[in-house]
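Coordinate inspection notes
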Amino acid sequence: MKLSIIGTGYVGLTTGACFAEVGHDVTCVDNDEAKVALLKAGGMPIYEPGLEELVQRNVAAGRLRFTTSIAEGVERSLVIFIAVPTPPLPDGSVDLSIIEKVAREIAASMTSYKIVVDKSTVPVRTGEKVAETIRRYCRAPVDFDVVSNPEFLREGFAVEDLMHPDRIVIGVRSQRPVAVMREIYEPFQAPIIVTDLNSAELIKHASNSFLALKISYINAISIICEATGANVQEVALGMGMDHRIGREFLQAGLGFGGSCFPKDLSAFIKIAEQVGYDFRLLKEVQRINAEQMDRFMKKITDTLWVLKDKTLGVLGLAFKQNTDDVRMSPAIELCRRLLKEGAHLRVHDPRAMEKARAVLPEATYVADMNEVAVGCDALVIATEWEEFKKLDLERARRVMTHPIMFDGRNLFDPREMERLGWVYKSVGR
């Protein structure tokens, strides 16, 4: 199948590479000339485990190519996927101007029947607007279909999620594009749900909002655990063994962040408001998430008293493990709050330091995680990277002014840390 992907961010680039991997002929389009030049030269604009090898293999095989021309992508393909950013607006709604612009450019380039697939996370009824825009700006007397095909990719696990999906959602206005969409996804051997456009768009927002709710729920439970001497990890394990609940997304910590959950939650609240429903439950999810960071900061200030001129080591800058993405990262927000209190920061992240420098220039960046603790008054774990569990705790204890750790991701065992002589504060334990 000849496919085009417009947008080469985390979703677009991963989708294009995985489609090529199963045999489709894929053209990836982006208006960022520097990014396209980088990809053509064999470089990668993002870090995603397994993605670089996938891209290189399929470029070499001739199944994957990059261009800045939407017209070229439209001409080469039967199916065009839109995977461009949908940034938040100040009122919580979503800026759809990029999607609208892309829809107009697709329309201007169409000379034969095309299937236009919305892969970006968009408010309900966006598919209808995309169809209306293409109809309005299409110069040729040709037909087309608009499909909603939301992505459910986790950054850091995107290749795995796309190659082995839980389900494929296809929203349509008629049955005409269904056979083609089924053929595209047939190699992935996943259940396919065919529904109407609006339901498909709602499935995405409803799913992400529910996962955010799970995170805020276990963070609320962590507060009760701390007050009663219980262990939130054991509570989460006992809950998660119930197949109706599941263990995933029941990790207490600093709260959710990244480019998806906060934006999608705000957008869904706004969507509900526009159709006359006050989604108070999701507003409470937002409030719990914001207060979780406040509570963690209070732990630090209660223990250290004055932060001004103290040196803190922070392990983790990405919003989660296995990515270099620092957009709306709780780790970055925590660093900003510590800096605002007058602290000096020594920071390390396995992948995200280059991108963090642009948004956190005041910090001192340390290449080796075992060097971060040198001269520090306390250590802070802000991202759940697996390698942080291998931190040389004995060496860190020796090079600090006092061995204090604030573990915002519950990576270490409290009893073991106490045995090693640390003042150890975690979440919900």
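The present account deals with the structure reproduced in this document. (Residues numbered from 1 in each chain as written. Predicted model: local features only at pLDDT ≥ 70, side-chain atom pairs only at ≥ 80, totals over all residues. Heavy atoms only, no water.)

A closer look at the layout of surface pockets
The computed volume of the second largest pocket comes to approximately 420 Å³. Lining the second largest pocket are 20 residues, and of these Phe256, Pro262, Asn289, Met328 and Glu333 lie nearest its centre. Elements that contribute at least two residues to the lining of the second largest pocket include exactly helix H11 (261-274), helix H12 (280-304) and helix H13 (330-340). (1 Å grid on protein atoms, 1.4 Å probe; cavity = no way out; pocket = protein on both sides within 12 Å on 5 of 7 lines; lining within 4 Å. Points joined across faces, edges and corners; volume = space filled by probe spheres on them. Helix = DSSP H or I, 4+ residues; strand = E, 2+ residues; numbered from the N terminus.)

A closer look at the side chain of Asn58
For Asn58, the location among the structural elements is in helix H3 (residues 51-60). A residue is classified by how much of its surface remains accessible, and Asn58, at 0% relative accessible area, is buried. At a separation of 2.8 Å, a polar atom in the side chain of Asn58 contacts the side chain of Arg63. In this view, Asn58 contacts Ala17, Ala20, Glu21, Arg63 and Leu64; residues no more than four positions away in its chain are not counted. (Buried < 20%, exposed > 50% of the residue type's maximum accessible area, 1.4 Å probe, protein only. Polar contact = N/O pair within 3.5 Å; in protein donor to acceptor, adjacent residues only side chain to side chain. Contact = heavy atoms within 4.5 Å.)

Remarks on the side chain of Ser222
In this fold, Ser222 is placed in helix H9 (residues 197-228). Judged by its relative accessible area of 1%, Ser222 falls in the buried class. Apart from the residues within four sequence positions on either side, Ser222 is in contact with Val232, Ala252, Gln292, Val427 and Gly428.

Things to note about empty space enclosed by the protein
Scanning the entire structure with this criterion turns up 2 cavities of 30 Å³ or more. When its volume is computed, the largest cavity comes out at roughly 50 Å³. Contributing elements (two or more residues each) for the lining of the largest cavity: H9 and H12. Looking at the lining of the largest cavity, its residues break down into 3 nonpolar, 2 polar and 3 charged. There is about 40 Å³ of room inside the second largest cavity. Lining the second largest cavity are Asp118, Ser120, Thr121, Val122, Ser148, Pro150, Glu201 and Lys204. Partitioning the lining of the second largest cavity into residue classes produces 2 nonpolar, 3 polar and 3 charged. (Nonpolar A, V, L, I, M, F, W, Y, C, P; charged D, E, K, R; others polar.)

With respect to the pairing of strand S4 (residues 79-82)
Every second residue of S4 is oriented toward a common face, with Val79 and Phe81 on one face and Ile80 and Ile82 on the other, all of them buried. Relative to S4, strand S1 (residues 2-6) is paired through 4 bridges, and the arrangement is parallel. Opposite Ser4, over in S4, you have Ile80 as the bridge partner. Here S4 pairs with strand S5 (residues 114-118) via 4 bridges, running parallel. Looking at S5, one finds that Ile80 is bridged to Val116. Between the parallel elements S4 and S5, the chain passes through helix H5 (residues 97-109) in a crossover that is right-handed. (Pairing = 2+ DSSP bridges. Right-handed = clockwise from strand over helix to strand, strands pointing away.)

Topic: the pattern of salt bridges
This structure, assessed with the given rule, holds 32 salt bridges. Here Glu151 ties to Lys204 by a salt bridge, and the two come within 3.3 Å at their closest N and O atoms. With Glu151 in the loop between strand S6 (144-148) and helix H7 (158-163) and Lys204 in helix H9, the pair connects residues that are 53 residues apart, well separated along the chain. With a relative accessible area of 3%, Lys204 lands in the buried category. In this structure, Asp302 and Lys298 form a salt bridge, with 2.8 Å as the shortest nitrogen-oxygen distance. (Salt bridge = Lys/Arg side-chain N within 4 Å of Asp/Glu carboxyl O.)

Section: the packing of aromatic side chains
For the structure on display, the rule yields 8 aromatic pairs. Considering the side-chain rings of Phe19 and Tyr185, the 5.5 Å spacing of their centres and the 70 degrees angle between planes classify their relative orientation as edge-to-face. Of this pair, Phe19 sits in helix H1 (residues 10-21) while Tyr185 sits in helix H8 (residues 178-185), and the two are 166 residues apart along the sequence. The two residues Phe19 and Tyr185 agree in class, both being buried. Ring plane angle 35 degrees and centroid distance 6.1 Å describe the contact between Phe249 and Phe261, whose orientation is recorded as tilted. Separated by 12 residues along the polypeptide, Phe249 in the loop between helix H10 (232-240) and H11 and Phe261 in helix H11 bring together distant segments of the chain. For Phe261, a relative accessible area of 14% puts it in the buried group. An aromatic cluster is defined as three or more aromatic residues linked by ring pairs; in this entry it consists of Phe19, Phe81, Tyr185 and Phe188. One Lys or Arg, Arg104, reaches over the ring of Tyr137 and ends 5.8 Å from the middle of that ring. (Phe/Tyr/Trp six-rings, centres within 6.5 Å; stacked < 30°, edge-to-face > 60°. Lys NZ or Arg CZ within 6 Å of the ring centre and 35° of its normal.)

Structural notes on the nonpolar core
Leu317, Leu334, Leu338, Leu345 and Met405 are the most contacted members of the largest nonpolar core, which has 61 residues in total. Those residues within four positions of Leu334 in sequence are excluded, and the remaining contacts are Leu254, Met293, Phe296, Met297, Ile300, Val380 and Ala382. Counting residues in each nonpolar core, the second largest holds 39 residues, with Tyr10, Cys18, Val26 and Ile46 among its members. (Core = buried A, V, L, I, M, F, W, Y, C linked by side-chain atoms within 4.5 Å.)

Describing the packing of H1 against H3
Closest axis-to-axis distance for the H1/H3 pair is 9 Å, and the angle between their directions is 50 degrees. With respect to their mutual orientation, H1 and H3 come out oblique. Every pair of crossing elements has a handedness; the one defined by H1 and H3 is left-handed. Contacts between H1 and H3 involve Leu13, Thr14, Ala17, Cys18, Ala20 and Glu21 from the first element and Leu51, Leu54, Val55, Arg57 and Asn58 from the second. When grouped by side-chain class, the residues that make up the contact of H1 with H3 number 7 nonpolar, 2 polar and 2 charged. (Axes fitted to C-alpha atoms, helices over the stretch in contact; angles between N-to-C directions. Parallel < 35°, antiparallel > 145°, perpendicular 65-115°, else oblique. Left-handed = near helix turned anticlockwise from the far one by under 90°.)

Observations regarding the environment of Asp302
Along the chain, the position of Asp302 falls in helix H12. By relative accessible area, Asp302 is classed as exposed at 52%. Along the sequence, Asp302 and Ala60 sit 242 residues apart, while their C-alpha atoms lie 57 Å from each other.

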